[in-house]
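Tertiary structure, described
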Amino acid sequence: MSDPRELYQQVILEHNKKPRNFGKLDPCTHHAEGHNPLCGDQLELSLVVADGVVTDIKFQGSGCAIDVASASLMTGIVKGKSVAEAEAMVAQFRGMVRGELDPATEAPLLGRLTLFSGVKDLPSRVKCAILPWATLHAALKGEAEASTE
Ligand code: ZN
């Protein structure tokens, strides 16, 4: 397990098989749908935000393994965080998978999600990994839809 690519594949496969926080919150305070036309990923996010904190978050939809694993891990790490922290994570994740920042030193909020940094070498998969985060950003901004286009 010392090979980061092996760890990456194991985590992706595991979260794709058993996604965490799968479903829909009803009632919710924030909601958005995300769409990645390039791959066909569809995602629906529902959140409960109270006193500036994401107290609960769920996702549903269908997508490729990277999209589903990214959504599963994203919902897990964002739950319990403040809206400001969640937005900072969105920026760090985007920067990381686009290869714009160094995951070792410039993505301190992402923790084990830095395992997605390898996606930057797979241009067709970057949008799959970003989609859940783009949808989170839209939901927190009060926008109903997010697209990776
Ligand atoms: Zn995809």
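That block above? That's the structure.
A brief look at the structure comes next. (Residues numbered from 1 in each chain as written. Predicted model: local features only at pLDDT ≥ 70, side-chain atom pairs only at ≥ 80, totals over all residues. Heavy atoms only, no water.)

**With respect to the layout of surface pockets**
- One number sums up the size of the largest pocket: a volume of about 220 Å³.
- Taken together, eleven residues form the lining of the largest pocket, with Arg5, Tyr8, Leu115, Gly118 and Val119 sitting closest to its centre.
- Partitioned by chemical class, the residues of the lining of the largest pocket number five nonpolar, four polar and two charged. (1 Å grid on protein atoms, 1.4 Å probe; cavity = no way out; pocket = protein on both sides within 12 Å on 5 of 7 lines; lining within 4 Å. Points joined across faces, edges and corners; volume = space filled by probe spheres on them. Nonpolar A, V, L, I, M, F, W, Y, C, P; charged D, E, K, R; others polar.)

**Examining the pattern of salt bridges**
- For the coordinates displayed, the defined rule picks out four salt bridges.
- Residues Lys79 and Asp56 are paired through a salt bridge, measuring 3.4 Å at the closest nitrogen-oxygen approach. Of this pair, Lys79 sits in the loop between helix 2 (65-78) and helix 3 (83-97) while Asp56 sits in strand 3 (residues 53-62), placing them 23 residues apart in sequence.
- Lys79 sits in the partly exposed class, given a relative accessible area of 33%.
- Across the pair Glu87 and Lys141 runs a salt bridge, and its minimum N-O distance is 3.6 Å. With Glu87 in helix 3 and Lys141 in helix 4 (residues 123-141), the pair connects residues that are 54 residues apart, well separated along the chain. (Salt bridge = Lys/Arg side-chain N within 4 Å of Asp/Glu carboxyl O. Helix = DSSP H or I, 4+ residues; strand = E, 2+ residues; numbered from the N terminus. Buried < 20%, exposed > 50% of the residue type's maximum accessible area, 1.4 Å probe, protein only.)

**Some remarks on helix 3**
- Compared with an ideal rise of 1.5 Å per residue, which puts 15 residues at 21 Å, helix 3 spans 21 Å between its outermost C-alpha atoms and is within 8% of the ideal.
- If you check which residues of helix 3 are buried, you get Ala86, Glu87, Met89, Val90, Gln92, Phe93, Gly95, Met96 and Val97.
- If you follow the buried residues of helix 3, they end up packed against helix 2 and helix 4.
- The positive-phi residue at the C-terminal boundary of helix 3 is Gly99, with phi of around 75°. (Expected span 1.5 Å × (residues − 1). Contact = heavy atoms within 4.5 Å.)

**Some remarks on unusual backbone geometry**
- At the junction of Asp26 and Pro27, the peptide bond is cis and its omega measures out at 10° in the coordinates.
- Assignment of secondary structure puts Pro27 in the loop between helix 1 (4-17) and strand 1 (30-36).
- Non-glycine residue Asn21 carries a positive phi angle of around 55°.
- Note on placement: Asn21 falls in the loop between helix 1 and strand 1.
- Non-glycine residue Asp51 carries a positive phi angle of around 50°.
- In this structure, Asp51 sits in the loop between strand 2 (41-50) and strand 3.

**Some remarks on the coordination of the zinc ion**
- Protein ligation of the zinc ion involves Cys39 (SG), Asp41 (OD), Asp41 (OD), Cys64 (SG) and Cys128 (SG), the donor distances falling in the range 2.2 to 2.6 Å.
- Every donor residue of the zinc ion comes from the same chain, spaced as C-x1-D-x22-C-x63-C. Taken together, the residues span a long stretch of sequence, with Asp41 in strand 2 and Cys128 in helix 4 at a distance of 87 residues.
- Under the relative-accessibility criterion, Cys128 is labelled buried at 0%. (Donors = N, O, S within 2.8 Å, 3.2 Å for Na, K, Ca; no water.)

**Let's talk about helix 2**
- Relative to the 20 Å expected for 14 residues at 1.5 Å per residue, helix 2 spans 20 Å between its end C-alpha atoms, a close match to the ideal helical length.
- Extensive coverage of helix 2 is indicated by the burial of twelve of its 14 residues.
- Every buried residue belonging to helix 2 is among Ile66, Asp67, Val68, Ala69, Ser70, Ala71, Ser72, Leu73, Met74, Thr75, Ile77 and Val78, and all of these are buried.
- One or two steps after helix 2, the chain reaches Gly80, where phi turns positive at roughly 95°.

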